[in-house]
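Residue-level listing of the chains:
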Amino acid sequence: METIKANHVDDVICPIARTAEVISGKWTLLIIRDLFSGVKRFNQLERSLHGISPKTLSERLRSLEEEGIIIRQTFAEVPPRVEYSLTEKGHDLVGVIESMRGFGKRWLCDE
């Protein structure tokens, strides 16, 4: 007789939990926000994200690239040029960011 396995939380990937895992880094959403306006170089992102260390920015960019959120394009120039842009998957996160902006404006920020 075949045993039917009960549904356990550990057996199911929750889409909300997985999304939170992908975007939960301290600077992650701000990097995505900045890349929504177009292609950026490392220095442009670093200047825009006041207080981020180069090490942290590199780690976050690498993580986002591994998740398929951004594309890193390297150009064979001297000095080498590297540009970052959002993938289609990354562009889909913009709605999440806009919802967060709306919530923040309505409930968290004094205007």
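Our subject is the structure that appears above.
Residues numbered from 1 in each chain as written. Predicted model: local features only at pLDDT ≥ 70, side-chain atom pairs only at ≥ 80, totals over all residues. Heavy atoms only, no water.

(A) Layout of the pairing of strand S2 (residues 70-75). Here six bridges tie S2 to strand S3 (residues 81-86), and the two strands are oriented antiparallel to one another. Looking across to S3, one finds that Thr74 is bridged to Val82. With antiparallel pairing between neighbouring strands as the criterion, S2 and S3 make up a hairpin whose turn holds five residues. (Pairing = 2+ DSSP bridges. Helix = DSSP H or I, 4+ residues; strand = E, 2+ residues; numbered from the N terminus.)

(B) Broad picture of the packing of aromatic side chains. Counted according to the given criterion, the structure contains zero aromatic pairs. When the ring centre of Phe75 is taken as origin, the NZ or CZ atom of Arg81, which lies over that ring, is 3.8 Å away. (Phe/Tyr/Trp six-rings, centres within 6.5 Å; stacked < 30°, edge-to-face > 60°. Lys NZ or Arg CZ within 6 Å of the ring centre and 35° of its normal.)

(C) Summary view of the nonpolar core. Ranked by size, the top nonpolar core spans 22 residues in total, and within it Ile31, Ile32, Leu57, Leu61, Ile69, Ile70 and Tyr84 carry the most contacts. Counting only elements with at least two residues in this core, the list comes to helix H1 (15-23), helix H2 (28-36), helix H3 (42-48), helix H4 (54-66), S3 and helix H6 (94-108). Looking at this core, the element that brings in the most residues is H2, giving four residues. (Core = buried A, V, L, I, M, F, W, Y, C linked by side-chain atoms within 4.5 Å. Buried < 20%, exposed > 50% of the residue type's maximum accessible area, 1.4 Å probe, protein only.)

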